[in-house]
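What follows is each chain in one-letter form.
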Amino acid sequence: IGHNPGIHNIVTYLINPSDKKPYLKLIQSYPTGAITRINFNIKKWSKINYQIGFLLDFTTPKMLQKECN
């Protein structure tokens, strides 16, 4: 949980780059209320490092609104 630009910076720092559509959308913009789920294949938090995480999900309020309509 955090605020921009810090949350966008840390998420893009931690996620391993990919050509997946959610990743490409995430690096372009991180709107207010967005949620990102990241998987870290580690046993200790101290092992978190640059681009070690894998993007599981990136959801924006606009995406949720489309699903509800």
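Above this text sits the structure in question.
Residues numbered from 1 in each chain as written. Predicted model: local features only at pLDDT ≥ 70, side-chain atom pairs only at ≥ 80, totals over all residues. Heavy atoms only, no water.

A. Structural view of the overall build of the protein chain. The number of helices and strands found in the protein chain is three helices and two strands. What you see in the protein chain, going N to C, is helices and strands ordered as α-α-β-β-α. Counting only C-alpha atoms and orienting by the principal axes, one finds that the protein chain spans roughly 40 × 25 × 20 Å. Each of the 69 residues in the protein chain was classed as buried or not, and the buried ones make up 23%. Counting contacts in the protein chain only where the partners sit at least 6 residues apart, residues at least 24 apart contribute 49% of the total. For the protein chain, the accessible surface area stands at approximately 5,500 Å², while carbon and sulfur atoms represent 55% of it. (Helix = DSSP H or I, 4+ residues; strand = E, 2+ residues; numbered from the N terminus. Buried < 20%, exposed > 50% of the residue type's maximum accessible area, 1.4 Å probe, protein only. Contact = heavy atoms within 4.5 Å. Areas by Shrake-Rupley, 256 points an atom, 1.4 Å probe, with all protein chains shown as cover.)

B. Examining the environment of V11 more closely. Among the structural elements, V11 can be located in helix α1 (residues 6-14). Spatially, the C-alpha atom of V11 lies 8.8 Å from that of L26, the residues being 15 residues apart in sequence. Those residues in contact with V11 that sit more than four places away from it in its chain are L26, Y30, T36 and I38.

C. Representation of unusual backbone geometry. Cis geometry is found at the peptide bond from N4 to P5, where omega equals 5 degrees. Looking at the secondary structure, you find P5 in the segment before α1. Notably, Q51 is not glycine yet its phi reads approximately 55 degrees, a positive angle. Along the chain, the position of Q51 falls in the loop between β1 (35-39) and β2 (54-59). Residue class for Q51 comes out partly exposed when judged on its relative accessible area of 26%.

D. Region of the structure containing the packing of aromatic side chains. Applying the stated rule across the entire model yields three aromatic pairs. Centroid distance Y13 to Y50: 5.0 Å. Interplanar angle 55 degrees. Geometry classified as tilted. Taken together, the positions of Y13 in helix α1 and Y50 in the loop between β1 and β2 put the pair 37 residues apart, joining distant regions of the chain. Geometrically, the ring pair formed by Y30 and F58 is tilted, given 5.4 Å between the ring centres and 45 degrees between the ring planes. Here F58 lies in strand β2 and Y30 lies in the loop between α2 (21-28) and β1, a separation of 28 residues in the sequence. As far as the burial class goes, Y30 and F58 line up, both buried. (Phe/Tyr/Trp six-rings, centres within 6.5 Å; stacked < 30°, edge-to-face > 60°.)

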